[in-house]
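Commentary on secondary and tertiary structure
For reference, the chains in residue letters:
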Amino acid sequence: MRRYDADLHERRLRSWTRRVAALLTVLVALTGAPSGTAAGLAPAASAVTAAGPGSPSTPPYTKWGPPLTVRAINGRTTYIDANGVPHVVGSRGDTPDADAALAFMNRRLAQQGLGYDATTKTGSEYLFQDETNRLEEKGSVGKGVTGTTSDMIKVTWSGGRLVSVDSVDATTTTRTGTTAEDLSSIGTTITGKLPGGRKSQTANVVFTAATDEQASAVAERFKDNPNVRVIRPGSGFDSGELHTGTDGLEAAAGSVFTAPGDCPEGGTQSGFEPAGTRTHARYAGFARVRAVGCGGSSGVPRAGGLAKGLAAPERTPGGIDFSRLELRYLADPGPGAGGLRYAFRAPSATSGGSTALTGLGHATQASDSFFTWLELDPSTFWVNLNPNEPDRIVDARLGRTDAGRVLLQADLALKKTTGKLIHPDTPLGTEFWRSLSGDCMSFRTWIVPAPATVYTKGDELYILKSPLNVQMETQYLKQHGGSSAVSCPRQSQTVQDHNEALFRRLILPRVVEAVNTAPEYADLRRVYLSRVAAEWYRGLSLRTRTTYSGLIGKGDIGAYATHEDWKPVDTFNAYVRSYTKGEFKVTHRTREGDTVYTRTYVYGGVDFSRVPVTSVSDAQLKASSPSLTRDVSRSIEAPATDTGKGQVWLGGGGGGVPTTDPGHVPGAPGAVVTSAPGSGAGVAPWLVGAAGALAALVVLRSALRLRRARRR
């Protein structure tokens, strides 16, 4: 009996030991396994090894440079795609049909308003690829192909940021008919080039048909394949633009309101973690840092309403006017809760509208500006174009950012707007000059925030109105302190007061209207909305722990430097040139008796250092915008249309990819360590510890029972 009991307990002990060991193995695997393995993303161990010719690594890799960048390699312009594959630009196609196809497709892009615009640095274009001097061989990479032997690439830009690089191969046929045999042969050729085909050499195919009848038949055959385009340049037949760049748009949109600091446990923005370390793969700051961050995943993060609206705007009822996309909602559930939630509002497109690339640029600008306003001290949020103060144009760090560029260019536009309004050759200008007194006129104006109207609830902000004002310098200095430099020292105060009152009555209301409605101030209005959001976020961070409280006042604006080829002195020099040429330095001379009267308009600035806010109550919000909170909530997952007001809400964030509080060191007290969804890397260490303690108790109890059984 004793021997039986001992054997029984020993068997039970071994069984429990195996179960506990299995449990601990699972928990350790969930905690330490590479997130890419669990979430379907690329493990960094394979990505860290630089790929050589003929052996592309699991994407994305960085042997040739950060993904989605352009660089010179061996003296040749080379585009690095999202997988890290290099594509060398060529000068011509390998057949006349390829030459004709590229020219035809670029003309179509231009006609549709989708072609690359060198001024805005936005749009798409087809470029020949030099497949004879390729840096990587044909092969598979991730879920696609390298595409290095295709005839051309299609590159897409948004506001100076490379969004996508897609391979396109051109093919044609010697067959001129539409028989079943002809179409089967053509179909085999096309599908053989695509991923999974016999050649697997390109992501997209453009087929040049011999006749319009053949073009129609082939187009019908591939009507459900967005990666096949059928054309006939001679007649103009075109089955439609290739469905490219969608992943790039979604990835870029997914990084909106995600700071580059979101790299848990030592992840980096510019490469991959060493082999054997835990990876947290994700795009972080994709649209700002044109490189894969935090472990290097090519996955598409946080594809919410904004990403879906950009990728497929045609699916949104009424269309979307991306040119007027504005931030209107922001929320922060706190560290470890999935990051910031946001929502943009845009009018429904009644006709034309603008491209999704424009919308992406505006969303990215809003995001970059928000983090800029967090990083820098509000006392630096001003610009000043004054020909006598070339060393006091803008704060040095603000002047490196897109927000600083926007403020300075708005200041220059302010002077141009005023110059046009007071020009003596216009009816308004004539009335203005005729009513002036004295022999000198110098009016300085400043663009400043008017009270913004907001609704706040807990960790949520709704921006209802965000008007801007233009103040005369006398009023501006009265509010901000300081004394004005006298531009007309010999003129009496009575005359100056008269002239200023005249300017306030005739000119100033029109300047204020322009700043709040004119297209040339749209960027200013956009970055100001981000300023309102950032000011609220600063206050929220004082009351509770927020995801990005660690960025406030840090002063690191490297990730938000402008992508424009621009320096603050460029705007100052443009101002001086216009000032010298008299574009807005309007001088009007009249002779009254023996006296020549000279009157001159001079300068001003933009100051966002203060943000006045007026809050509305629950009742007021319900009365003015009863569906607002519901529309915003819906837009986080998909575009939400408010047909009554003719507008579309595009949101995102919050739960797509968890973030780490940049203000806390992972592993330190109070730190929150999270990872990509599905990776299991977010299993809390305390859970593993608890399981270990439980296992020890089980084993100890069984061992004691076994000892007692053997003593019997």
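Quick caveat, the model's predicted, so the values are computed rather than measured.

1. A word on the overall build of the protein chain
- Tallying secondary structure elements over the protein chain gives 20 helices and 24 strands in all.
- Across the 712 residues that make up the protein chain, the buried fraction comes to 53%.
- A total of about 30,700 Å² of accessible surface is found on the protein chain, and carbon and sulfur atoms cover 51% of it.

2. Focus: the confidence of the model for the protein chain
- Confidence along the protein chain averages 76 in pLDDT terms, with 68% of residues attaining 70 or more.
- Low confidence marks residues 25–57, where pLDDT is under 50. Its contacts with residues over four positions away, or in another chain, come to 72 contacts.
- Counted against residues more than four places away or in other chains, residues 263–301, with its pLDDT under 50, gives 141 contacts.

3. Quick word on the sheet that holds strand S10 (residues 228–232)
- With mixed pairing, the six strands of this open sheet are ordered in space as S4-S7-S8-S9-S10-S11. Every interior strand has two partners, whereas the edge strands, strand S4 (123–128) and strand S11 (237–238), have only one.
- The sheet contact formed by strand S8 (residues 161–171) and strand S9 (residues 204–208) spans four bridges and is parallel. If you follow Asp169 over to S9, its bridge partner there is Val205.
- Its contacts with the sheet place helix H4 (residues 96–111) against S4, strand S7 (152–158), S8, S9, S10 and S11, and it is angled at close to 170° to S4.

4. Observations concerning the packing of aromatic side chains
- For the structure on display, the rule yields 18 aromatic pairs.
- Taking 5.1 Å as the distance between ring centres and 90° as the angle between the ring planes, the aromatic pair formed by Phe371 and Tyr548 counts as edge-to-face. Placement of the pair is Phe371 in helix H10 (residues 356–375) and Tyr548 in the loop between helix H16 (522–543) and helix H17 (568–581), with a sequence separation of 177 residues.
- You can call Phe371 buried: its relative accessible area is 0%.
- Aromatic pair Phe432 and Trp433: ring centres 5.9 Å apart, planes at 75°, arrangement edge-to-face.
- Using a relative accessible area of 0% as the deciding quantity, one classes Phe432 as buried.
- Of the residues examined, Trp433 reaches a relative accessible area of 3% and is grouped as buried.
- Ring pairing ties together the aromatic residues Phe257, Tyr342, Phe344, Phe370, Phe371, Trp536, Tyr537, Tyr548 and Tyr560, which thus form one cluster.

5. Here's the deal with the pattern of salt bridges
- Inspection of every chain in the model, using the stated rule, returns 20 salt bridges.
- The shortest N-O distance in the salt bridge between Arg76 and Asp130 comes to 2.9 Å. On the criterion of sequence distance, the pair formed by Arg76 in strand S2 (residues 76–80) and Asp130 in the loop between S4 and strand S5 (140–141) is long-range, its members being 54 residues apart.
- Judged by relative accessible area, which is 11%, Asp130 ranks as buried.
- Taken together, the shared-partner salt bridges connect Arg108, Lys154, Arg229, Asp238 and Glu241 into one network.

6. Some remarks on unusual backbone geometry
- Unusually for a residue other than glycine, Lys121 sits at a positive phi of about 55°.
- Note on placement: Lys121 falls in the loop between H4 and S4.
- A positive phi angle, close to 45°, is found at Ser200, a residue other than glycine.
- Within the element layout of this structure, Ser200 appears in the loop between helix H5 (180–193) and S9.

7. Concerning the side chain of Thr122
- Within the fold, Thr122 resides in the loop between H4 and S4.
- A relative accessible area of 14% places Thr122 in the buried class.
- Apart from the residues lying within four places of it in its own chain, the contact partners of Thr122 are Gly115, Tyr116, Asp117, Trp157, Ser158, Gly159, Leu357 and Thr358.

8. Topic: the sheet that holds S2
- Strand order in the open sheet made by the three strands is S1-S2-S3, with antiparallel pairing throughout. The outermost strands of the open sheet, each flanked by one partner alone, are strand S1 (69–73) and strand S3 (86–88). The average angle at which neighbouring strand axes cross in this sheet is 35°, direction not considered.
- Note: S1 against S2, five bridges, orientation antiparallel. Within S2, the residue paired with Thr69 across the bridge is Ile80.

9. Things to note about the packing of H5 against helix H6 (residues 212–221)
- Running from N to C, H5 and H6 cross one another at 55°; their axes reach a closest spacing of 11 Å. With respect to H6, the element H5 is oriented oblique. Handedness of the H5/H6 crossing: right-handed. Mapping the contact onto sequence places Leu183, Ser184, Ile186, Gly187 and Ile190 in H5 and Gln214, Ala217, Val218 and Arg221 in H6.
- Split by residue class, the contact of H5 with H6 holds five nonpolar, three polar and one charged.

How each quantity is defined
- Residues numbered from 1 in each chain as written.
- Predicted model: local features only at pLDDT ≥ 70, side-chain atom pairs only at ≥ 80, totals over all residues.
- Heavy atoms only, no water.
- Helix = DSSP H or I, 4+ residues; strand = E, 2+ residues; numbered from the N terminus.
- Buried < 20%, exposed > 50% of the residue type's maximum accessible area, 1.4 Å probe, protein only.
- Areas by Shrake-Rupley, 256 points an atom, 1.4 Å probe, with all protein chains shown as cover.
- pLDDT = per-residue confidence, 0-100.
- Contact = heavy atoms within 4.5 Å.
- Pairing = 2+ DSSP bridges.
- Axes fitted to C-alpha atoms, helices over the stretch in contact; angles between N-to-C directions.
- Phe/Tyr/Trp six-rings, centres within 6.5 Å; stacked < 30°, edge-to-face > 60°.
- Salt bridge = Lys/Arg side-chain N within 4 Å of Asp/Glu carboxyl O.
- Parallel < 35°, antiparallel > 145°, perpendicular 65-115°, else oblique.
- Left-handed = near helix turned anticlockwise from the far one by under 90°.
- Nonpolar A, V, L, I, M, F, W, Y, C, P; charged D, E, K, R; others polar.

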